[in-house]
Amino acid sequence: MTRNSRRILAATAGALGAVLALAGPAAAVQGGMGTGEILPHPGPDGLIWIPDWIGDGGAVSASVNPSQPFTVTVGCRGGGSVQVHVGGLAPADFTVRCPVDATGTGSVEIPARPGRDIEFTVTASDQAIHWGMYATQPE
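Residues numbered from 1 in each chain as written. Predicted model: local features only at pLDDT ≥ 70, side-chain atom pairs only at ≥ 80, totals over all residues. Heavy atoms only, no water.

Asker: Just to check I follow, could you spell out the overall build of the chain for this structure?
Answerer: Of the regular secondary structure elements, the chain holds one helix and nine strands. Helices and strands appear in the chain in the N-to-C order α-β-β-β-β-β-β-β-β-β. (Helix = DSSP H or I, 4+ residues; strand = E, 2+ residues; numbered from the N terminus.)

Spelled out as structure tokens, the structure:
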């Protein structure tokens, strides 16, 4: 299986995992897929892409090359802010302000470390906020 095939599979599994995690009966989060595109597709360096999500959410992907850093970018709009947590051996947290009529963005680079999966959560200050996310890593 090629790296791009693994990336597509991981991105699909990550997005499906986020949908299933939020759709389960025990889920306290009221989020869902939006109909727009907050951030454009990241191209061939993309590991995962969520074009538009509303409210709290997250995803998991296992397609990271541990010998290279990767970057997580989140964009949002609708007022308020989102808190982003990237889990794993090199955890990171950042906040993105979400303008009402524009897209605010924020990014963090995660250093190269062995045994990394992308696990991230986004907590919205208002459940009506739309956000998008992608993780990229050069080939």
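Asker: Whenever I open this one, the state of the cysteines confuses me. Can you help?
Answerer: Simply put, disulfide is the name for a covalent bond between the sulfur atoms of two cysteines. Tallied over the entire structure, the rule returns one disulfide. Shown here is the disulfide that connects Cys76 with Cys98, its sulfur atoms set 2.0 Å apart. Taking the sign of the torsion about the S-S bond as the criterion, the disulfide between Cys76 and Cys98, at about -95 degrees, is left-handed. Remark: Cys98 occurs in the loop between strand E6 (92-97) and strand E7 (104-110) and Cys76 occurs in strand E4 (residues 70-77); sequence separation between them is 22 residues. Accessibility assignment for this pair places Cys76 and Cys98 in one class, buried. (Disulfide = S-S within 2.5 Å. Buried < 20%, exposed > 50% of the residue type's maximum accessible area, 1.4 Å probe, protein only.)

Asker: Sorry if this is basic, but what is going on with the sheet that holds strand E9 (residues 130-136) here?
Answerer: Sheet strands pair via backbone hydrogen bonds, and the direction of the pair is either parallel or antiparallel. Strand order in the open sheet formed by five strands is E1-E2-E9-E4-E7, with antiparallel pairing between adjacent strands. In this open sheet, the two strands that pair with only one neighbour each are strand E1 (32-33) and E7. Pairing geometry for E4 and E9, over seven bridges, is antiparallel. Bridge pairing in E9 places Thr73 opposite Tyr134. (Pairing = 2+ DSSP bridges.)

Asker: How should I be thinking about the sheet that holds strand E3 (residues 57-61) in this particular structure?
Answerer: Reading across from one edge, E3-E8-E5-E6 is the order of the four strands in this open sheet, with antiparallel pairing throughout. At either margin of the open sheet sits one strand with a lone partner, and together these are E3 and E6. Between one strand and the next, the sheet's axes are offset by a mean angle of 15 degrees, whatever the strand orientation. As paired strands, strand E5 (residues 81-87) and strand E8 (residues 118-124) are joined by six bridges and run antiparallel to one another. Pairing of His85 across the sheet is with Thr121, part of E8. (Axes fitted to C-alpha atoms, helices over the stretch in contact; angles between N-to-C directions.)

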